[in-house]
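Below, each chain spelled out in residue letters.
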Amino acid sequence: MNDKEEWKDGLYGDDVRERLVEFAESGWKSIPDEERERWFSRFKFWGVFHQRTGQESYFMLRLTNCGGVLEPGQLRAIGEVARDYATGPVDNPEFGDGWVDLTTRQSIQLHWIKLEDVPAIWEKLESVGVSTRSSGGDTMRNVSGCPVAGKDADEYVATRPLLDRIQTELRGDDALCNMPRKFNISVTGCREGCAQDSINDVALEPARKLVDGERMRGFNLRAGGGLGGRETRRARSLDVFVRPDRAYEVVRAFVELYHEEGNRENRNKNRARFFVDDWGVEAVREALVERTDFALESAGTDLREEYTYNAGRSDDEGDHVGVHDQADGRHYVGLSTPVGRIPAEEAIELADLADEYGSGEVRLTRRQNPLVMDVPANRLEELLAEPLLDVHSPEPDLFTRGAMACTGTEFCSLALTETKARMAAMIRWFRATLELPDDLGQLKIHFSGCTADCGQAMTADIGLQGMRARKDGEMVEAMDVGVGGGIGQNPTFVEWVRQRVPADEVPGMVKNLLEAFAALREDDQTFREWVAATGHATIVELAEPEETSYDDPCLTDAKQSWYPFADGESPAPTAADGTPTPSDD
């Protein structure tokens, strides 16, 4: 048994909360040095992550909100917590201080949290129904679904009641809290595929089937998808059609199977995708037959040919950006938030706008964007004229709309490169230097700081993954660059074009590639289609790294200093009140 399994055997799940509160009351330094790693590992179940080396005493707090739903009042409370508690010792030069990060699993992260403040933060968030439970560690993570489930005018099969049941009964079951590794569930009920069933551990996707002579809407079941560690897998069909009233039992059966039989020895090979590899889909299906008290029907006809979310299609509307119809005659307005980061005051202002023009409900997408829900037609024009929508626009430029970035070295101990500030700088440079065809409505550029791929670079038109390299004898931040990813009807992952390209040469490389695309594409050809038609050898020739006028914000950091904001000695660690304490303490 590995160390983390021993730690979890000793204490995990709901029981961790009481000890975390005790440490918070005594101060983070009350955690013995030799025990910090195990306690930090346990804290993750409650969404409390210690930040990277050099930021001792500071934590990230991850929230959970099933399917991206933020009910009225919740975003405001989150924004106020960010304003009052998520403030660091120095400003980020790109984003300032005190902000909300939207994630690629429809949830929220807050940074620069002091452990001593966690109980007060919990009290404020939980008073409006927001929890951090089961948002990190070896457990079922935030459940993803169509962000407009229950509202979408074109929803194929209703999923909101199912999502709520999975949240309360399955994720809420402490007996299942200790999974072999983190575990992702998705439920797609729409025609766009925006819950990304193909890259989840267990997934329901919309399907139809003749049952007793009647056409029934339901789900097909897939399992074993994932991206990390360059060990990508598409979720595989288990040849099961699931009626809506049986969906919860089928998902639970797979969760229990992996919980009991998953590998708890080798953490490098124990995600659910490796479990499906080892068992094979037929054996997994047979195990589900034994665990359910109804017959499992063979798979139905899927709707994947209609998927538009990150599918590399010209009609890619699955990102939900813009003004869209709801089933009740009202509208939702999807905003594009650059790299998923919103200053606290803007988050509070967005909550005010949601109250003023809609029902107060805000929902989050897997592209790090917020949606203002339930806007009557006669209020749309006023909402669209609000100044905040100039910043978080429902009609963004091509590069802002398609950009995603993970946390990066700013806070993550795994990352090899800075991501968010760099992506923001690259977006500005692309806008200023590149002209692309007017009919090109979508171009996905995703940036992950390492091969864990939280930024989903493997699924992008152009995927960037953080690396390191030497340039002119100096260690620099670098990227591997791949092209041609997409997860629509036929999911594909990027094919790597160049590796370890110094970060200041990547924008020039992307520019060279996109200019070739603009010159050589057929009418209406998407980037993904052009990549497939052009061939790998030619793409490599066209994708030439180049130094340009682009000025990289942190080329030589290479994770050797306390990134990001100070030369010399780190301002962390600090006491509970933020007063610096000696870094050798």
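Computed from a prediction, not measured in an experiment: that's the story for all the values here.

Undergrad: Before we move on, can you summarise the overall build of the chain with the specific residues and values?
TA: Secondary structure summary: the chain contains 17 helices and 21 strands in total. For the chain, whose C-alpha radius of gyration is 23 Å, the value lies close to the compact-globule estimate of 25 Å for 585 residues. Projected onto its principal axes, the C-alpha coordinates of the chain cover approximately 75 × 60 × 55 Å. Scored against the burial criterion, the 585 residues of the chain give a buried share of 62%. Put simply, the chain shows about 21800 Å² of open surface, and 43% of that area lies on carbon and sulfur atoms. Separation of charge centres in the chain, based on 67 positive and 108 negative side chains, amounts to 4 Å.

Undergrad: Tell me what's going on with the side chain of aspartate 138, and back it up with residues and numbers.
TA: As for its position among the elements, aspartate 138 is in the loop between α5 (118–126) and β6 (144–145). The exposure class of aspartate 138 is buried, given its relative accessible area of 8%. A polar atom in the side chain of aspartate 138 sits 2.8 Å from the side chain of lysine 8. Sequence-distant contacts of aspartate 138, that is, excluding residues within four places in its chain, are made with Glu5, Lys8, Tyr12, Cys177, Asn178, Met179, Pro180, Arg181, Lys182 and Arg267.

Undergrad: Could you give an account of a negative patch on the surface, with specific residues and numbers?
TA: A surface patch of negative charge is lined by Asp3, Glu6, Asp9 and Glu37. Broken down by element, the negative patch gets its largest block of residues, three residues, from helix α1 (residues 3–10). Turning to its location among the elements, glutamate 6 is positioned in helix α1. Looking at glutamate 6, the relative accessible area reads 47%, which means it is partly exposed.

Undergrad: Could you give an account of helix α15 (residues 506–520), with specific residues and numbers?
TA: With 15 residues, α15 should reach 21 Å at 1.5 Å per residue; the first-to-last C-alpha distance of 21 Å fits that figure. Of the positions making up α15, those classed as buried are Val506, Pro507, Gly508, Met509, Val510, Lys511, Leu513, Leu514, Ala516 and Phe517.

Undergrad: An account of the sheet that holds strand β14 (residues 341–343) is needed here, citing residue identities and associated values.
TA: Pairing within the open sheet is antiparallel, and its five strands lie in the order β1-β2-β5-β4-β14. Because the sheet does not close on itself, it has two edges, and the strands there are β1 (48–50) and β14. If you compare each strand with its neighbour and ignore which way they point, the axes differ by 30 degrees on average. Pairing of strand β4 (residues 99–102) with β14 involves three bridges; the strand directions are antiparallel. Across the sheet, the residue bridging to valine 100 is isoleucine 342, located in β14.

Undergrad: If you had to explain unusual backbone geometry to someone new, which residues and values would you point to?
TA: One non-glycine residue with positive phi stands out, namely glutamine 106, at about 65 degrees. The backbone of histidine 320 shows a phi angle near 70 degrees, a positive value even though the residue is not glycine. Note on placement: histidine 320 falls in the loop between β11 (301–302) and β12 (322–325).

Undergrad: Before we move on, could you go through the environment of serine 127 and cite the residues and values that matter?
TA: Tracing the chain through its elements places serine 127 in the loop between α5 and β6. Sequence spacing of serine 127 and arginine 62 is 65 residues, and the spatial spacing of their C-alpha atoms is 17 Å.

Undergrad: Summarise helix α16 (residues 527–534); cite the residues concerned and give the values.
TA: Three or more residues of α16 are buried, namely Phe527, Arg528, Trp530 and Val531. Considered in projection along α16, the buried side chains sweep an arc of 160 degrees and stay on one side of the axis. Turned more than 90 degrees away from the buried face of α16, the exposed residues are Ala532 and Ala533. Contact partners of the buried residues in α16: β19 (462–471), β20 (474–483), α15 and α17 (536–542). Positive backbone phi, at 95 degrees, marks glycine 535, one or two positions downstream of α16.

Undergrad: Before we move on, can you summarise the pattern of salt bridges with the specific residues and values?
TA: For the coordinates displayed, the defined rule picks out 49 salt bridges. In this structure, aspartate 328 and arginine 330 form a salt bridge, with 2.9 Å as the shortest nitrogen-oxygen distance. Linking glutamate 361 and arginine 363 is a salt bridge whose minimum nitrogen-to-oxygen distance equals 2.8 Å. The same class applies to glutamate 361 and to arginine 363, which are both buried. Here the residues in one salt-bridge network are Glu5, Lys8, Asp138, Arg264 and Arg267, joined through shared partners.

Undergrad: For the environment of alanine 158, give the residues involved together with the corresponding values.
TA: Tracing the sequence through the fold places alanine 158 in the loop between β6 and α6 (160–170). A sequence separation of 59 residues divides alanine 158 from arginine 217, and the C-alpha atoms of the two residues are 9.4 Å apart.

Undergrad: Requested: an account of the nonpolar core, with residues and values cited.
TA: Within the largest apolar cluster, 53 residues are counted, with the highest numbers of intra-cluster contacts made by Phe43, Val48, Leu61, Ile78, Ile108, Leu110 and Leu115. The element best represented in this core is helix α10 (residues 344–357), accounting for seven residues. Every residue in contact with isoleucine 78, bar those within four places of it in the chain, is listed here: Leu63, Leu70, Val100, Ile108, Leu110, Leu125 and Val130.

Undergrad: Got a sec to walk through the packing of aromatic side chains? Specific residues and values, please.
TA: In the structure shown here, the tally under the stated rule is 22 aromatic pairs. Note on phenylalanine 254 and phenylalanine 275: the rings are 6.4 Å apart at their centroids and 75 degrees apart in plane angle, and the pair reads as edge-to-face. Pair noted here: phenylalanine 254 is in helix α7 (residues 247–261) and phenylalanine 275 is in helix α8 (residues 272–279), with a separation of 21 residues, a long-range link. Given a relative accessible area of 5%, phenylalanine 275 falls into the buried group. In this arrangement the basic side chain of lysine 8 is found over the ring face of tyrosine 12, its NZ or CZ atom lying 5.7 Å from the centre. Positioned above the aromatic ring of tryptophan 99 is the side chain of arginine 341, whose terminal nitrogen or guanidinium carbon lies 3.6 Å from the ring centre.

Undergrad: So what's going on with the sheet that holds strand β13 (residues 331–334)? Which residues, and what values?
TA: A sheet is described by the order of its strands in space; here five strands give the open sequence β3-β15-β16-β13-β12, paired in antiparallel fashion. Two strands close off the open sheet at either side, each with one partner strand: β3 (69–70) and β12.

What counts, and at which threshold
Residues numbered from 1 in each chain as written. Predicted model: local features only at pLDDT ≥ 70, side-chain atom pairs only at ≥ 80, totals over all residues. Heavy atoms only, no water. Helix = DSSP H or I, 4+ residues; strand = E, 2+ residues; numbered from the N terminus. Rg over C-alpha atoms; globule rule 2.2 N^0.38 Å. Buried < 20%, exposed > 50% of the residue type's maximum accessible area, 1.4 Å probe, protein only. Areas by Shrake-Rupley, 256 points an atom, 1.4 Å probe, with all protein chains shown as cover. Lys, Arg positive; Asp, Glu negative; His and termini not counted. Charge placed at Lys NZ, Arg CZ, Asp CG, Glu CD. Polar contact = N/O pair within 3.5 Å; in protein donor to acceptor, adjacent residues only side chain to side chain. Contact = heavy atoms within 4.5 Å. Patch = residues over 30% accessible without salt bridge, like charges linked within 9 Å, V, L, I, M, F, W, Y side chains within 5 Å. Salt bridge = Lys/Arg side-chain N within 4 Å of Asp/Glu carboxyl O. Expected span 1.5 Å × (residues − 1). Pairing = 2+ DSSP bridges. Axes fitted to C-alpha atoms, helices over the stretch in contact; angles between N-to-C directions. Arc of directions from axis to C-beta. Core = buried A, V, L, I, M, F, W, Y, C linked by side-chain atoms within 4.5 Å. Phe/Tyr/Trp six-rings, centres within 6.5 Å; stacked < 30°, edge-to-face > 60°. Lys NZ or Arg CZ within 6 Å of the ring centre and 35° of its normal.

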